[in-house]
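# Residue-level structural notes
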Amino acid sequence: MPAVEPRQGLVTRALGGFFFVASAGKTYRCTAKGVLKQRAEIIVGDRVTFIETEPMRGVIDDVLPRRTRLLRPPVANATKAVVIFAINKPPPNYMLIDRILVQAEAAGLNIIICLNKIDLIERAGQDQELLIPYRSAGYRTYSVSSKTRANLEPLRDEFKDCISVLAGQSGVGKSSLLNALEPGLELATGKISSRTLRGRHTTRRVELLSLATGGLVADTPGFSTLSLPDVEPEELVYLFPELGAIAPYCRFADCRHETEPHCAILAAVGAGEVAASRFQSYLSMAAELRELRRKW
Ligand SMILES: Nc1nc2c(ncn2[C@@H]2O[C@H](COP(=O)(O)OP(=O)(O)OP(=O)(O)O)[C@@H](O)[C@H]2O)c(=O)[nH]1
Ligand SMILES: [Mg+2]
Ligand SMILES: [Zn+2]
């Protein structure tokens with residue numbers, strides 16, 4: 001039999017030991033070569049080489065080096081994180097949003113914030129108020145409604161020419177947003193529980209979808225807890241861009257920004273230049289990292 005040339009492709013779904021690999025307009029159902037299974041997991045977004053063993057079936061024999069890697073949601077090679085929360089149903093979980101942001105910063109992603117369900121606002125300007133902390137942090141922010149399609153057009157451009165990953169709690173409307181942006185996707189969406197106001201974990205797996213504008217986007221399952229990246233407590237401040245920018249102005253090089261005199265961050269929080277919610281998230285995550293380090 002003549003030697004078969006390996007093809008290159010992109011893993012778009014992983015399911016029960018199979019990897020769906022997109023290559024030159026077709027999707028191949030692949031398994032992984034034994035040694036690969038032991039050495040490294042293969043995740044959605046991975047660029048792989050595979051051998052076509054039967055028509056539309058193959059075996060992955062190599063995973064190309066990853067440009068970026070997010071642990072949760074597990075996606076390789078994303079360049080942008082779209083962090084989503086909702087006006088209500090479910091109510092915003094600020095600590096979770098900040099943890100997602102910290103993970104995305106640590107992974108080196110370009111980050112945008114998207115507030116969905118603005119059709120549920122209770123007073124004018126509520127959406128902009130909720131976005132202030134993130135805008136002050138330097139993130140581009142969007143306030144949209146997947147339901148009424150309000151403000152979707154400016155957001156559409158963010159998905160062009162990049163691999164983006166959606167992240168946020170169950171029920172905030174990640175799949176609904178993609179359905180609104182891209183007719184024809186028909187992703188499953190789930191009702192919010194009327195008792196708990198929470199989502200029902202409708203999306204079960206990461207899936208990489210291609211958009212008509214040329215971008216790739218990963219729809220992902222919602223989650224409500226998230227670990228911290230593996231950084232030293234002193235490094236954490238730099239994963240909050242607005243805090244990292246002023247930390248060098250603290251009097252003491254080992255300032256923890258808690259009670260120290262001449263702390264530039266405490267001064268900025270006092271002056272209202274940094275959102276209190278972001279600073280609180282920083283303090284609680286820093287304490288958590290120190291606690292983890294103490295245990296080791
Ligand atoms: N009022 C309103 N409801 C919305 C909007 N976007 C989504 N929803 C509703 O919110 C519910 C959850 O939407 P999903 O798209 O399934 O949420 P998800 O973030 O994908 O949730 P998981 O897949 O569980 O992580 C559905 O009932 C949607 O119809 C919106 O802009 N306004
Ligand atoms: Mg979903
Ligand atoms: Zn300080």
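### Considerations on the sheet that holds strand 1 (residues 7–15)
One closed barrel accounts for five strands, arranged 1-2-3-5-4; its pairing is mixed. The mean angle between the axes of side-by-side strands here comes to 55°, regardless of whether they run parallel or antiparallel. Where strand 1 meets strand 2 (residues 18–23), five bridges bridge the pair, whose relative direction is antiparallel. Directly across from Ala14, in strand 2, lies its bridge partner Phe19.

### Focus: the site of ligand 1
In the vicinity of ligand 1, 25 residues are found, and the nearest of them are Gly173, Ser176, Thr189, Thr203 and Gly222. Here the shell around ligand 1 gets three residues from one element, more than from any other, and that element is helix 5 (residues 174–181). When its residues are assigned to classes, the shell around ligand 1 shows four nonpolar, 15 polar and six charged.

### Observations regarding the sheet that holds strand 10 (residues 140–143)
Spatially, 10-9-8-11-13-12 is the arrangement adopted by the six strands of the open sheet, whose pairing is mixed. The open sheet has two edge strands, strand 10 and strand 12 (207–210), and neither has a second partner. Averaged over all adjacent pairs, the angle separating strand axes in this sheet is 25°, with direction ignored. Here three bridges tie strand 11 (residues 163–167) to strand 13 (residues 216–219), and the two strands are oriented parallel to one another. The partner of Ser164 across the bridge, within strand 13, is Val217. Against the sheet, helix 5 touches strand 8 (80–86), strand 9 (110–116), strand 11, strand 12 and strand 13, its axis set at about 150° to strand 13.

### Some details on the nonpolar core
Ranked by internal contacts, the top residues of the largest apolar core, which has 67 residues, are Val75, Ala81, Val83, Ile84, Val165 and Ala218. Filtering out sequence-adjacent residues up to four positions away, Ala81 remains in contact with Ala104, Leu109, Ile111, Val165 and Ala167.

### Observations concerning unusual backbone geometry
Here Arg72 and Pro73 are connected by a cis peptide whose omega angle stands at -5°. Along the chain, Pro73 turns up in the loop between strand 6 (69–70) and strand 7 (75–76). The phi dihedral of Glu186 is positive, around 50°, even though this residue is not glycine. Its place among the elements puts Glu186 in the loop between helix 5 and strand 12. The exposure class assigned to Glu186 is exposed, which follows from the 10 C-beta atoms found within 10 Å. Even without glycine at this site, Leu197 takes up a positive phi of about 60°. Mapped onto the elements, Leu197 comes out in the loop between helix 5 and strand 12. Exposure remark for Leu197: the 13 C-beta atoms within 10 Å place this residue in the partly exposed category.

How each quantity is defined
- Each chain has its residues counted from 1, following the order in which its sequence is written.
- Chain A is the first chain written and ligand 1 is the first ligand written, with later ones labelled in order.
- Local features in this predicted model are restricted to residues of pLDDT 70 or higher, and side-chain atom pairs are both shown and tallied only at a pLDDT of 80 or more, whereas totals for entire chains, interfaces and linings draw on every residue.
- Two strands pair under a simple rule: DSSP has to find at least two bridges between them.
- Strands are runs of DSSP state E lasting at least two residues, helices are runs of H or I lasting at least four, and both sets are numbered from the N terminus onward.
- For helices, the fitted axis covers only the stretch in contact; all axes are lines through C-alpha atoms, and the angles between them, taken along N-to-C directions, range from 0 to 180 degrees.
- Being near a molecule or strand means, for a residue, that its backbone-placed C-beta atom lies within 6 Å of it.
- All amino acids are sorted into three groups, where Ala, Val, Leu, Ile, Met, Phe, Trp, Tyr, Cys and Pro are nonpolar, Asp, Glu, Lys and Arg are charged, and the leftover types, Gly among them, are polar.
- By the criterion used throughout, residues are in contact when their C-beta atoms, derived from the backbone, lie within 7 Å.
- Residues enter a nonpolar core if they are buried, belong to Ala, Val, Leu, Ile, Met, Phe, Trp, Tyr or Cys, and are joined to the set through C-beta atoms within 7 Å.
- Neighbour counting defines burial: a residue surrounded by 20 or more other C-beta atoms within 10 Å of its own C-beta is buried, one with 12 or fewer is exposed, and intermediate counts give partly exposed, using backbone-placed C-beta atoms.

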